[in-house]
Every structure is written in structure tokens, then in C-alpha cells.
Amino acid sequence: FQCELLDPDPPFVWEFFPEDNAVNIPVDTEIIFYILDSGQGVDIGSLELEVNGQIIPAEDYSAVPVSIYEGPGYLISFAPDVPFVYSENVTIFVAANDFAGAPNEMLFQSQFQCVENTPPNAEAVLVETYEDNSTVIIFSGNDADEQPLTFEVLSDPTDGSYTNGIYIPNQD
């Protein structure tokens, strides 16, 4: 006589962060969720995590064993190496099986939208110099999103040139 424990239910995702369809999520957000099973437990080797269509290798996310329900589960966290893009719609797909005799498969999808970028403010620069004398020009500004600023001179001044932070006037 052999008895087999029935496990008719697939694993499930619980406490997914950011919530589905959330908006104004910071671009450096970590994706965190539990994957649990009320039966035989989650087969962590079957876990597939995709972010914006890119499969995330197991070594790039954390899977901490937890016992919240009857079977073992995991707390999953993924912190991208590179922040998401401002205003980006991020789609997450999760698939996993349990350890039932005939494994039950779970499919989960969620999405969120990153916060919009607040444009930086460049501070006005007034430069006065004596005729035919070069002068240093320092650009400054601030960014409400606290991102580092870089400055680029798109064209030379009409009466000289700008190179490596120095305005060089045309000689009369």
C-alpha cells in the first residue's frame, strides 16, 4: 500500500513590491516578493525571473528560504545593477514549480511605472573679461532627483572658443 500526498495547488506570489500597476516608483527600486506553496514546497531550481523580457540569472537575485506556509518558500529580492529609466514601464514575469508528484506550475506577471524625471536647473552664467583675455567659466546647476550633472557645450561662442573650461576670445 502506498500513499501519496496530493498537492493540487501551484506555488503563489505574495507581498509583491512594487505593487502591480504602481506609478511614480523610484528608478533604483528593488523588486521584492515571496514565492510560497501550501503543499510540497517551491522548487527554487525551477524559478524563472524576467524583468523587461530579460531573464535574470539566479546569481543576480537573492532567494532566502522562509517557512510562512506549510511548505518551504523563498523571499526573492532583485536589485538591478543599473537603475531603471525615468518614466519606464517595467514588466516582471515569474514562473516556478512545486515539488508535487506532477509539478504544479505558477505563472505571475506584474508591472509598474518609474517616476518621471524632473529636469535639472542650470544656473545662469555671466562672464566678463578684458578684451583679448581668456577666462575660466564654471557651469553649475542642481537636480531635484539628486542625479549627478554633466555639462556639454554644444557650440562655441560667436567671438571665440570654449575649451576645457576656458573661454578664449578671438584676438583683435
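Residues numbered from 1 in each chain as written. Predicted model: local features only at pLDDT ≥ 70, side-chain atom pairs only at ≥ 80, totals over all residues. Heavy atoms only, no water.

Undergrad: Please explain the layout of surface pockets as it appears in this structure.
TA: Vacant regions in the atomic arrangement are exposed by a probe of water-molecule size rolled over the atoms. Considering only enclosed or pocket space, the largest pocket measures out at about 180 Å³ in volume. As for the largest pocket, its lining consists of Val51, Ile56, Asp60, Phe78, Ala79, Pro80, Asp81, Val82, Pro83 and Phe84. (1 Å grid on protein atoms, 1.4 Å probe; cavity = no way out; pocket = protein on both sides within 12 Å on 5 of 7 lines; lining within 4 Å. Points joined across faces, edges and corners; volume = space filled by probe spheres on them.)

Undergrad: Even after reading the chapter, I still don't get the sheet that holds strand β3 (residues 31–36), so can you show me in this structure?
TA: Hydrogen bonding along the main chain pairs the strands of a sheet, whether they run parallel or antiparallel. The strand order across the open sheet built from four strands is β1-β3-β7-β6, with neighbouring strands paired in antiparallel fashion. The open sheet has two free edges, formed respectively by β1 (12–17) and β6 (62–66), since each of these has just one partner strand. The sheet shows a mean angle of 20° between the axes of neighbouring strands, direction not considered. Of the strand pairs in this sheet, β3 and strand β7 (residues 73–78) are connected by five bridges, and their pairing is antiparallel. From the neighbouring strand, isoleucine 32 faces β7, where its bridge partner is serine 77. (Pairing = 2+ DSSP bridges. Helix = DSSP H or I, 4+ residues; strand = E, 2+ residues; numbered from the N terminus. Axes fitted to C-alpha atoms, helices over the stretch in contact; angles between N-to-C directions.)

Undergrad: Teacher, can you tell me more about the packing of aromatic side chains here?
TA: Each aromatic ring pair is specified by the distance between its two centres and by the angle formed by the two planes. In total, this model carries six aromatic pairs according to the counting rule given. Geometrically, the ring pair formed by phenylalanine 16 and phenylalanine 33 is stacked, given 5.3 Å between the ring centres and 25° between the ring planes. Here phenylalanine 16 is found in strand β1, whereas its partner phenylalanine 33 is found in strand β3, with 17 residues between them in sequence. For the ring pair phenylalanine 139 and phenylalanine 151, a centre distance of 5.9 Å and an interplane angle of 25° mean the geometry is stacked. One end of the pair, phenylalanine 139, is in the loop between β11 (135–136) and β12 (141–142); the other, phenylalanine 151, is in the loop between β12 and β13 (160–163), and 12 residues separate them in sequence. Residue phenylalanine 151 is classed as partly exposed on the basis of its relative accessible area of 41%. Taken together, the aromatic side chains of Phe16, Phe33 and Phe108 make up a single cluster linked through ring pairs. (Phe/Tyr/Trp six-rings, centres within 6.5 Å; stacked < 30°, edge-to-face > 60°. Buried < 20%, exposed > 50% of the residue type's maximum accessible area, 1.4 Å probe, protein only.)

Undergrad: Even after reading the chapter, I still don't get the environment of isoleucine 92, so can you show me in this structure?
TA: Among the secondary structure elements, isoleucine 92 is positioned in strand β8 (residues 89–98). As for isoleucine 92 and glutamate 152, which are separated by 60 residues in sequence, their C-alpha atoms are 36 Å apart. Not counting chain neighbours up to four residues away, the residues in contact with isoleucine 92 comprise Phe16, Ile31, Leu49, Glu50, Val51, Phe108, Gln109, Ser110 and Phe112. (Contact = heavy atoms within 4.5 Å.)

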